[in-house]
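Structure at a glance
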Amino acid sequence: MNFLRNYLDKQKPKFEKGGKLEKLHSVFTGFESFLFVPNTTTSGGAHIRDAVDLKRTMIIVVLALVPALLFGIYNVGYQHFNAIGALAETSFWQLFFYGLWKVLPMIIVSYVVGLGIEFAVAQIKGHEINEGFLVSGLLIPMIMPVEAPLWMIALSTAFAVIIGKEIFGGTGMNIWNPALLARAFFFFSYPSMISGDKVWIASDTADAISQATPLAQMALGQPLTYSTADMFWGFIPGSIGETSVFCILLGALLLLLTNVASWRIMLSVFVGGFLMALIFQPISGVAAYQQLCMGGFAFGAVFMATDPVTSSQTNTGKYIYGLLIGAMAVIIRCINPGYPEGMMLAILLMNTFAPLIDWCVVQSNIKRRLKRAKAVARL
Amino acid sequence: MSKVIKLKKGLDIKLNGEAEKVVQPAGKITSCALKPTDFRALTPKLMVKVGDEVKAGDVLFTDKTHPEIKFTTPVSGSIEAVNRGERRKLLEVVVKADAEIQYRDFGKADVNKLKREEIITRLLESGVWPMIKQRPYDIIAHPENTPKAVFVSAFDTAPLAPDYDLILNNQEKDLQTGIDCLCKLCGKNVNLNLPADTPSSSVFLKLQHVDLNYFSGPHPAGNVGVQIHHLNPINKGEQVWVVNIQDVAIIGRLFNEGRFDARKTIVLAGSEVSKPRYEQTILGASIQTLTAGNLKNATEQRIISGNVLTGTQVTANGYLGYYDNQITVIPEGNHYEFLGWATPGFNKFSASKLFPSFLCPQKHYTLDTNYHGERRAFVVSGQYEKVFPMDIYPVYLLKACLTQDIDRMEQLGIYEVAPEDMALCEFVCTSKIPVQQILSNGIELMMKETN
């Protein structure tokens, strides 16, 4: 790889201060550090450093998303051909490529818009390009309905990155999960494009294909027409990445084995959701375990609630945060017929309260310290 | 045997280049230096000029705000150089050593018969006082204060750290005198902290007037700050004094022999050392005489006075730090690595489970000084807590330091930590945050504001 290194070294001066391409400095260093781990050495403090960095951490999350993404792409084709009644004569690869043809443009739009803004802001503010959007950029299309128009995805992404992240100072400083913020923006700006029965199945004609998701059936008090097995394996209509609980659990396994996501949060979201679903079982008419397989619950629990930046930071806080997300998601689903999907709002709500939860936990540590001091003073 | 305090949190970083347990007798000492930069928040006042003749125990510089605290030369000879840095900041006072050390005589004395004031005067005059440090803040103790306790850690769990039992096994008498001296200073027994697996032949088990405490677990179990936190945590307004175990012997010799005899044994270790071993030398010794002929010349090297987590980088002709008992030499890491964040990384060490190193916990590594990434904001949570065995929220404390909120720093426990206690947090940090520097700045701000 020496020729590449030499080439970069030769190009570098052009991008430095006073160089011809100074305006692309952030983009250059972004790509350079992507290709090569920099040669900077420690000065002051610890002389050796752990081999881990944010790029490696983020790439693990992207890898964990891959099974759900691949299945989501396949399921787009499956749902389409199933709805038009042509499933029997369509091959696996036809289903997959049909889905890819629908989903790939969404992924590209999300990355181009998001990274474009990220690069521009990094250049204006003079800091480095952060890795955070590698994950957000993939999450955004995965939590959208397949029929979402590309320009709306672009607008939602721009909103999430600028208002949700950059104005707070970029990756690590944001209060809400950027991907969910994109979905929330979409949800409240264009409600007809992300709810109802007409957006979940890809259609090639002007007429939308109408099919209710399990969540919508539950909200309307209709009997479920999907089996639990279909909901677990993912053969149901829904947002692109959220349908297959099995594939999401594969991702969860990777995140837990590598310790990238907090098991405390993941576990407590499922526990909170399950307990609340048990309580609501008489009203919803849906078994508690089925609730956890529906809609975006599993996807949110594994990939969204565990976002380290927007979740609780303290270990005790993580349990409380997770339990409340799970419980809140089911409450919203069962009590508010206007929002069949409660997961998004539950996580955003708890993102807002995570600092408060942490404040209480840290405050108890402070009180402990004060009490100890007083006990000594009394002696 | 008294109770063992078992610490679970922490991390042992296994490095190549562990020292063989043999002590190399002292070579010729050519020069020696004292560095005011080794002492936190010290404003030195220089008391000598180049060419002055000094005896071991003569003053080189004093503390400007506490002129009674003196820093004396460990060797006799002539002042060779006074090195200054930017804005004439005093960096080093170098003494060219005589062939044989001439000592200034402070007179032998029996510690147990001296009054506390007399002991303090003697410690201050001879220049061993700076060996007594206080917590909070990890600074030289104030002679006018009385600490609530004195703590001495008799072991070091840092990477490639020296084995004090080996170094001190024939110095029981000096250690005992040193301990007795510290007992007089605090008015009670000294807390001596030992590893749980201390052999029964250990010199430390023969000492009197000590309360023994045992610790087990990974680094930083040997850090005296961590031990204090678990034994007798520091509250606002309290002070605890700490002394390095080898310095206890130097204090002892001051009374037993009546002179400032700062000879010590250090460990020379690290993957770039040909024959890692223990060497007899003296406080502030020249690095060159210690490393001569014993370094591999394969790559660029970094010489560290101290261990790889908390030590200070020194040049090949620099000098051993005042509180250091170790020199570590590791390769520099100023190289690029193609897609380094994506490769499996079998030779890399990580506390995370993102590299295969967690599968082979017994493997030893050659680690260089590369950052392995770029500085980022705090992103990953729960990472510091795994290597920080204290009931303190490290990230919240650091954020209080960053925002210079002294009330919050106090509430979150800044009195209980020294930068060395959080060195592992800095090592494991995904975002490459300069933890020790931030904490250091916080401590210095705290000192300035509360004064």
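Residues numbered from 1 in each chain as written. Chains lettered and ligands numbered in written order. Predicted model: local features only at pLDDT ≥ 70, side-chain atom pairs only at ≥ 80, totals over all residues. Heavy atoms only, no water.

Turning to the domain arrangement of chain B, a few remarks are in order. Residues and elements named next belong to chain B. Domain boundaries assigned for chain B yield domain 1 (30-100), domain 2 (121-260), domain 3 (265-343) and domain 4 (383-450). For domain 2 versus domain 4, the distance between C-alpha centres works out to 24 Å. Taken together, the contact between domain 2 and domain 4 spans 15 residues of the former and 16 residues of the latter. Between domain 2 and domain 4 lies a buried interface of about 1,500 Å² when both sides are counted; carbon and sulfur atoms form 60% of it. Sorting the residues of domain 2 by area buried against domain 4 places Y137, H229 and K236 first, and these three jointly supply 41% of that buried surface. Where domain 2 meets domain 4, there are three salt bridges. With a closest N to O distance of 3.7 Å, D421 and R135 form a salt bridge. Here the element with the most residues in the side of domain 2 that touches domain 4 is helix α4 (residues 224-231); it accounts for four residues. (Domains from an automatic or database assignment. Contact = heavy atoms within 4.5 Å. Buried area = accessible area lost by both parts, 1.4 Å probe. Salt bridge = Lys/Arg side-chain N within 4 Å of Asp/Glu carboxyl O. Helix = DSSP H or I, 4+ residues; strand = E, 2+ residues; numbered from the N terminus.)

All chains considered together, the criterion is met by 39 aromatic pairs over all chains. Ring plane angle 55° and centroid distance 4.7 Å describe the contact between F39 of chain B and F71 of chain B, whose orientation is recorded as tilted. One end of the pair, F39 of chain B, is in the loop between β3 (31-34) and β4 (44-46); the other, F71 of chain B, is in strand β7 (residues 70-72), and 32 residues separate them in sequence. The same class applies to F39 of chain B as to F71 of chain B, namely buried. Through a chain of ring-to-ring contacts, three or more aromatic side chains come together here, namely F71, Y74, Y78, F92, W93, F96, F97 and F235 of chain A. A cation sits over an aromatic face here: R56 of chain A above F355 of chain B, 3.8 Å from the ring centre. (Phe/Tyr/Trp six-rings, centres within 6.5 Å; stacked < 30°, edge-to-face > 60°. Buried < 20%, exposed > 50% of the residue type's maximum accessible area, 1.4 Å probe, protein only. Lys NZ or Arg CZ within 6 Å of the ring centre and 35° of its normal.)

This part takes up the pattern of salt bridges. Residue and element names in this part refer to chain A. Under the criterion given, the structure shown has 33 salt bridges over all chains. One salt bridge connects E32 with R5, and the closest N-O pair in it is separated by 2.7 Å. Of the two residues, E32 sits in helix α2 (residues 25-35) while R5 sits in helix α1 (residues 2-15), which places them 27 residues apart along the sequence. Look at R5 and you get buried, because its relative accessible area is 7%. With a closest N to O distance of 3.6 Å, E118 and K165 form a salt bridge. Within this pair, whereas E118 is found in helix α4 (residues 92-125), its partner K165 is found in helix α6 (residues 150-165), the two being separated by 47 residues in sequence. A single burial state applies to E118 and to K165, both of which are buried.

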